[in-house]
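Fold and contact review
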Amino acid sequence: MEKIVRIGKVTDQDAVRRSDIQKLSPDERVSMVLQMQRKYLNWDENPSIKRVAVIKKMKLK
């Protein structure tokens, strides 16, 4: 993932962050979540924590 540095007002940070997230594909969003989990939960260093995932296909109208 490419890092982009923006210089702006503090009040605009939330809107910029939301627009960046909306531009990502669903796969990229899931990838970001998995990267954050690896970084903060240390899955690889703590073998007692099991990773459990269920993938469900949702029928949207």
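Residues numbered from 1 in each chain as written. Predicted model: local features only at pLDDT ≥ 70, side-chain atom pairs only at ≥ 80, totals over all residues. Heavy atoms only, no water.

1. Looking at the overall build of the protein chain
What the protein chain contains, in helices and strands, is two helices and zero strands. In summary, the protein chain has a C-alpha radius of gyration of 16 Å against a globular reference of 10 Å for 61 residues, an excess of more than 25%. Expressed along its principal axes, the backbone C-alpha trace of the protein chain runs to roughly 45 × 40 × 20 Å. The burial tally for the protein chain puts 3% of its 61 residues in the buried class. Counting every atom, the protein chain has about 6,800 Å² of accessible surface; 56% of that belongs to carbon and sulfur. The distance from the centre of the 15 positive side-chain charges to the centre of the 8 negative ones in the protein chain is 8 Å. (Helix = DSSP H or I, 4+ residues; strand = E, 2+ residues; numbered from the N terminus. Rg over C-alpha atoms; globule rule 2.2 N^0.38 Å. Buried < 20%, exposed > 50% of the residue type's maximum accessible area, 1.4 Å probe, protein only. Areas by Shrake-Rupley, 256 points an atom, 1.4 Å probe, with all protein chains shown as cover. Lys, Arg positive; Asp, Glu negative; His and termini not counted. Charge placed at Lys NZ, Arg CZ, Asp CG, Glu CD.)

2. Some details on the pattern of salt bridges
In total, this model carries two salt bridges according to the counting rule given. Between Arg6 and Asp20 there is a salt bridge, with its nearest N and O atoms 2.6 Å apart. Taken together, the residues Arg6 in the segment before helix H1 (13-23) and Asp20 in helix H1 connect sequence positions 14 residues apart. Residue classification places Arg6 among the partly exposed residues on the basis of a relative accessible area of 45%. (Salt bridge = Lys/Arg side-chain N within 4 Å of Asp/Glu carboxyl O.)

Note that all results are geometric; they support no functional claim without further evidence.
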